[in-house]
Amino acid sequence: MAAGSSPTPTPSESPTVAVPSLQDAQESATNAASWVEQNWSTWLAIGLRVLLILVIAAVLRKFVLRAISKLIDRMTRSVESTEGSTLGGLLVNAERRRQRSQAIGSVLRSVASFLILGTAALMALSAFEINLAPLLASAGVAGVAIGFGARNLVTDFLSGVFMILEDQYGVGDQIDAGVATGEVIEVGLRVTKLRGDNGEIWYVRNGEVKRIGNLSQGWATAGVDVTVKASEDLDRLKATLDEVAEKMSKEEPWNELLWSPIEVLGLDSVLLDSMVVRVSAKTMPGKSLTVERELRWRIKRAFDAADIRIVGGATAPAEEDTADPTATVAAPSAFANADSPQAVAASPLTPQRAAAPAPK
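Residues numbered from 1 in each chain as written. Predicted model: local features only at pLDDT ≥ 70, side-chain atom pairs only at ≥ 80, totals over all residues. Heavy atoms only, no water.

Chemist: Explain the overall build of the protein chain to me, using residue names and the numbers behind them.
Modeler: If you tally the helices and strands in the protein chain, you get 9 helices and 8 strands. Among the 360 residues that make up the protein chain, the fraction classed as buried is 26%. A separation threshold of at least 6 residues defines the contact pool for the protein chain, and within that pool the share at least 24 residues apart is 64%. (Helix = DSSP H or I, 4+ residues; strand = E, 2+ residues; numbered from the N terminus. Buried < 20%, exposed > 50% of the residue type's maximum accessible area, 1.4 Å probe, protein only. Contact = heavy atoms within 4.5 Å.)

Dropping the structure here:
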């Protein structure tokens, strides 16, 4: 071998690959067939049990949802039948009741589906002999964590559910929710939408509402205070107010807006120079301001015709103080007297004239 030649590498030995023989394959197939033969009845029983659970859950869910839908339809039909009558049109807001029925139906459907499908899923897992204790414990811990993180969302949702179930307010109602005041345009499970007096839309979370004043349920009160002089004749004053009340109660559309006769309640307060007469009436919800404006208009015209003067306030304005005649007179001064030492000291020095020569 030459000195500069490199040694030739020796080929590495390749590992031998074990090829399964026909006897090994036959043995594996025999073992698999025996395992299937031994466990097919168990798997078949588990599959049939799971299928039976799912079928029963689906049928029960469909039955419950149909029952809830029929209940909501019956509530809607009762609202429509009540809406046809005159009194029902005044007392019942069909759109509000319809939306309330739909919201209640949606909540009931969701709760029923969650309970039925959740129970079916747990029963199906237990059919496979899976230990549900760790799963339920993990779900409980996760539920607590989610509850702490989304407590405001849960509070809003629960408050919305109880508001709808108790029918505290609905679409078209004028309410005072504390944080905002306006007309309800949408009621949700989490947020209530209000339209304010200036047209703005308020989104109020149901969990933030601590008190609700509904101005559209039942009836409203229209009250007018009339302040007149204390020297007015009470009999003539009451007769004039009774005439205005009787005439207004018979005219349209005020006879529909007024749910009780206009009453002169009497003197609300008596002072030295004035007295206040209270006039009140029950009206339709939300129509008290309209009735009050019309009643003030008619009372003013009737008082002008009867020569009854309405004063501007509960008390007469205070009399103005008379002007002091000495206010424009200057205070006495020592310089006013020309012979006083101050005047002499302040007067300029006059040059002395030269004495005239004596006549010769």
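Chemist: I'd like a rundown of the sheet that holds strand β6 (residues 220-229), residues and numbers included.
Modeler: Reading across the sheet, the 3 strands line up as β6-β8-β7 and stay open at both edges, with antiparallel pairing between neighbours. Unpaired on one side and paired on the other, β6 and β7 (263-270) mark the two borders of the sheet. Strand-to-strand twist across the sheet, computed as the mean angle between neighbouring axes with direction ignored, equals 25 degrees. Alignment of β6 against strand β8 (residues 274-283), held across 10 bridges, turns out to be antiparallel. Paired with G223 across the two strands is S280, which belongs to β8. Of the strands in this sheet, β6 and β8 touch helix α8 (residues 288-305), which is tilted by about 25 degrees from β6. (Pairing = 2+ DSSP bridges. Axes fitted to C-alpha atoms, helices over the stretch in contact; angles between N-to-C directions.)

Chemist: Which residues make up helix α6 (residues 234-250), and what values go with them?
Modeler: For an α-helix the count is 3.6 residues per turn, leaving residues at separations of three or four pointing the same way. The end-to-end C-alpha distance of α6, which contains 17 residues, comes to 25 Å, matching closely the 24 Å that a straight helix rising 1.5 Å per residue would cover. Considering only its buried residues, α6 is in contact with β6, α7 (254-257), β7, β8 and α8. If you check the start of α6, you find a side-chain oxygen 3.3 Å away from the backbone N of D235, and it comes from D233. (Expected span 1.5 Å × (residues − 1). Polar contact = N/O pair within 3.5 Å; in protein donor to acceptor, adjacent residues only side chain to side chain.)

Chemist: Explain the pattern of salt bridges to me, and be specific about the residues and the numbers.
Modeler: Per the counting criterion, the structure on display carries 12 salt bridges. Residues E208 and R205 are paired through a salt bridge, measuring 3.1 Å at the closest nitrogen-oxygen approach. Overall, E208 belongs to the partly exposed group, its relative accessible area being 38%. A salt bridge links D225 to R278, with the nearest nitrogen and oxygen atoms 2.8 Å apart. Residue D225 is located in strand β6, and its partner R278 is located in strand β8; the two are separated by 53 residues in the primary sequence. Here D225 falls in the partly exposed class, since its relative accessible area comes to 43%. A single network of salt bridges, built from pairs that share partners, joins D156, R205 and E208. (Salt bridge = Lys/Arg side-chain N within 4 Å of Asp/Glu carboxyl O.)

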